[in-house]
Amino acid sequence: MFGINFIKFQPNEYGLMYKNGKVVKEGAGISFCYYAPAASIVMVPIVSNDCPFIFEEVTADFQTVSIQGQVTYRVVDCKRVAELLNFTLEVHRGHKSYLSDDPQQIPVRISNLIRVMTKKHIEGLKLAEAIRASEILAQSILEDIRHNGEIGRLGIEILGLTVLAVLPNKETSRALEAETRERILKMSDDAVYERRNASIEQERGVKENEYNTDIAVENKRRQVRETQLEAERAVMKMQNEQENEKLDAAISLEEKRKTLIALAAENSKTEADAKAYELKAFMNALSGTETGVIKALAAMGMDPQALIAGAFQNLADNAEKIGHLNITPDLLREMMA
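Below is a summary of the structure that appears in this document. Note that residues are indexed from 1 along each chain, following the sequence as it is written. Only residues with pLDDT of at least 70 get local features here, since the model is predicted, and only at 80 or more are side-chain atom pairs given and counted; chain-wide, interface and lining totals rely on the full set of residues. Just so you know, side-chain values use all the structure's heavy atoms and leave hydrogens and water out.

## Focus: the overall build of the protein chain
And then number 1: Numbered from the N terminus, helices here are DSSP runs of H or I no shorter than four residues, and strands are runs of E no shorter than two. Within the protein chain, the secondary structure is distributed over 9 helices and 10 strands.
And then number 2: In the protein chain, which comprises 337 residues, the proportion classed as buried is 20%.
And then number 3: Of the contacts made within the protein chain by residues no fewer than 6 positions apart, 63% connect residues no fewer than 24 positions apart.
And then number 4: Counting every atom, the protein chain has about 24400 Å² of accessible surface; 54% of that belongs to carbon and sulfur. Relative accessible area decides the class of each residue, using a 1.4 Å probe on protein chains only: under 20% of the type maximum gives buried, over 50% gives exposed, and in between gives partly exposed. Between two residues, a contact is recorded if the distance between any of their heavy atoms is within 4.5 Å. The Shrake-Rupley method, run with a 1.4 Å probe, gives the accessible areas here. Residue values count only the displayed protein chains as cover.

## Comments concerning the sheet that holds strand 5 (residues 40-45)
And then number 1: Strand order in the open sheet formed by 3 strands is 3-2-5, and the pairing between neighbours is antiparallel. Bordering the open sheet on either side are strand 3 (22-28) and strand 5, each of which pairs with just one other strand. The sheet shows a mean angle of 20° between the axes of neighbouring strands, taken without regard to direction. Should DSSP find at least two bridges between two strands, the strands are regarded as paired. Each axis is a line fitted through C-alpha atoms, and for a helix only the stretch in contact is used; angles between axes span 0 to 180 degrees, taken between their N-to-C directions.

## A word on the packing of aromatic side chains
And then number 1: Aromatic rings from Phe, Tyr and Trp, taking only the six-membered ring of Trp, are treated as a pair when their centres fall within 6.5 Å; an angle between ring planes under 30 degrees marks them as stacked, one over 60 as edge-to-face, and anything in between as tilted. Evaluation of the coordinates by the stated rule reveals 4 aromatic pairs.
And then number 2: The interplanar angle of 40° and the centroid separation of 6.1 Å between the aromatic rings of F9 and F32 together place this pair among those described as tilted. Taken together, the residues F9 in the loop between strand 1 (4-8) and strand 2 (13-19) and F32 in strand 4 (residues 31-35) connect sequence positions 23 residues apart.
And then number 3: On the basis of relative accessibility, which here comes to 1%, the residue F9 falls in the buried class.
And then number 4: Taking the centre distance of 5.4 Å and the plane angle of 20° together, the rings of F53 and F55 count as stacked. As far as the burial class goes, F53 and F55 line up, both buried.
And then number 5: Each residue in the set F9, F32 and Y34 is aromatic and connected to the rest through ring pairs, giving one cluster.

## Digging into the nonpolar core
And then number 1: By size, the foremost hydrophobic cluster in this structure holds 38 residues, and its most contacted members are V44, I106, I110, I114, I145 and I158.
And then number 2: Per-element tally for this core: the top contributor is helix 2 (residues 105-122), with 6 residues.
And then number 3: Not counting residues within four places of it along the chain, the set of residues in contact with I106 comprises Y73, V75, V81, L85, F87 and I156.
And then number 4: For the purposes of this section, nonpolar cores are sets of buried Ala, Val, Leu, Ile, Met, Phe, Trp, Tyr and Cys residues that join through side-chain atoms within 4.5 Å. One finds F9, M17, M43 and L89 within the second-largest nonpolar core, a separate group that totals 9 residues.

## Focus on the side chain of T59
And then number 1: For T59, the location among the structural elements is in the loop between strand 6 (49-58) and strand 7 (64-75).
And then number 2: Judged by its relative accessible area of 4%, T59 is buried.
And then number 3: Of note is the side chain of T59, whose polar atom sits 2.4 Å from the side chain of D61.
And then number 4: Those residues within four positions of T59 in sequence are excluded, and the remaining contacts are V65, I122, E123, L125, K126, L127 and A130. Polar contacts here mean pairs of N or O atoms no more than 3.5 Å apart (in protein, one a potential hydrogen donor and the other a potential acceptor; neighbouring residues in sequence count only if both atoms are side-chain atoms).

## Focus on the side chain of T72
And then number 1: Secondary-structure assignment places T72 in strand 7.
And then number 2: You can call T72 buried: its relative accessible area is 17%.
And then number 3: Ignoring any residue separated from it by four or fewer positions in sequence, one finds T72 in contact with S48, N49, D50, E157, I158, L159 and G160.

## Examining the sheet that holds strand 7
And then number 1: As summarised here, the arrangement of the 3 strands in space is 6-7-10, forming an open sheet in which the pairing is antiparallel. Strands with a single pairing partner mark the edges of an open sheet, and in this sheet they are strand 6 and strand 10 (156-168). With strand direction ignored, the average angle separating the axes of adjacent strands in the sheet is 20°.
And then number 2: In the sheet, strand 6 pairs with strand 7 via 10 bridges, with the strands oriented antiparallel. In the strand pairing of strand 7, P52 is matched with Q70.
And then number 3: Helix 2 rests against strand 6, strand 7 and strand 10 of the sheet, and its axis sits at about 40° to strand 6.

## A short note on helix 4 (residues 134-146)
The α-helix advances 3.6 residues per turn, and as a result positions three or four apart in sequence lie on the same side.
And then number 1: Along its 13 residues, helix 4 runs 18 Å from first to last C-alpha, staying within 8% of the 18 Å computed at 1.5 Å per residue.
And then number 2: Those residues of helix 4 that sit buried are S134, L137, A138, I141, L142 and I145. Looking straight down helix 4, one finds that the buried residues subtend no more than 130° of arc, so they occupy a single side. For helix 4, exposure combined with an orientation more than 90 degrees from the buried face picks out E135 and I136.
And then number 3: Buried-residue contacts for helix 4 involve helix 2, helix 3 (127-131), helix 5 (149-153) and strand 10. The length a helix should cover is 1.5 Å for every residue beyond the first. Within this analysis, the arc is defined by the directions that extend from the helix axis to the C-beta atoms.

## Concerning unusual backbone geometry
And then number 1: Of note, N20 is a non-glycine position whose phi angle comes to about 60°, a positive value.
And then number 2: Relative to the helices and strands, N20 is located in the loop between strand 2 and strand 3.
And then number 3: Residue F62 is not a glycine yet carries a positive backbone phi of 60°.
And then number 4: Tracing the backbone shows F62 in the loop between strand 6 and strand 7.
And then number 5: When its relative accessible area of 71% is taken as the criterion, F62 is described as exposed.

## What to know about the pattern of salt bridges
And then number 1: Counted as salt bridges are all cases of a side-chain nitrogen of Lys or Arg within 4 Å of a carboxyl oxygen of Asp or Glu. Under the definition given, this model contains 13 salt bridges.
And then number 2: In this structure, the salt-bridge partner of K120 is D144, at a minimum N-O distance of 3.3 Å. One end of the pair, K120, is in helix 2; the other, D144, is in helix 4, and 24 residues separate them in sequence.
And then number 3: The exposure class assigned to D144 is partly exposed, which follows from its relative accessible area of 25%.
And then number 4: The salt bridge involving E218 is made with R225; its shortest N-O contact spans 3.4 Å.
And then number 5: On the accessibility criterion, E218 (37% relative accessible area) is partly exposed.
And then number 6: Assessed through its relative accessible area of 41%, R225 is described here as partly exposed.
And then number 7: Three or more residues are tied together by salt bridges with common partners; here these are E57, R115, K119 and E123.

Here's what the structure looks like:
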């Protein structure tokens, strides 16, 4: 039975009531009464919706990849959407349901648009580039879809788009894994070789430092020895110079002594010659002089004791001519005094 019905929409539901092809009531979260045979009720969700997508495309190097992602959208022009798609409700005992499948067409249309734009970008990338281009691919597709006229004509706003993964097929993935594994193993081997080379370089550096240290120590020792030898040579030179100076002084002294001795000998010879000449002259002068006179002259200036001794000597020489000679102790004492 038809009669007056009451309907209430949630705040995230935009309701429209059509009567005779015209909108008589509309709004988000409104409620109203209506006569079912004469009115059509349309409900357009205005909440944001997430639309996941996944599809395969071919890269520039003819490799098939699988693109997985999600797009977030919401309806911003409900009347336009209601004009393009059938969002008419069927209300039965308080339960609301759509009369057609048109509300499910919005995610499909958005996915198709994303696939077209993704294909355009993927075809310009090689496999290795595409696998690493998830974020760049998402930004490029989002920029393109926001400027797409069909999205605007549907009355839809794209809030965001994310590319979760760009994956190659299983065979290609295994090949890439093998290639990557080999590259990683090679990198590991290279790292081992580099560590060994670094260790060898470090050991060589340590050895060179040790050799340089030994060379520096030996040079320092050689310098010390050379310095000691220089000091010893300097001391020896000084000693030699001192010895030479002493020798020169001794030679000079000997030369002076030699000269002095020569002079002394010359003087002695000269003095002897003079004495001999004097004696000769004296003897020549005394030649022909009587012996008594000579003795008297010799006694002149002599020491009294010598004179006494000479007198006694004369007495002794002429003892045979003396008859008797008496010398008393007093006389002898007086003579000695």
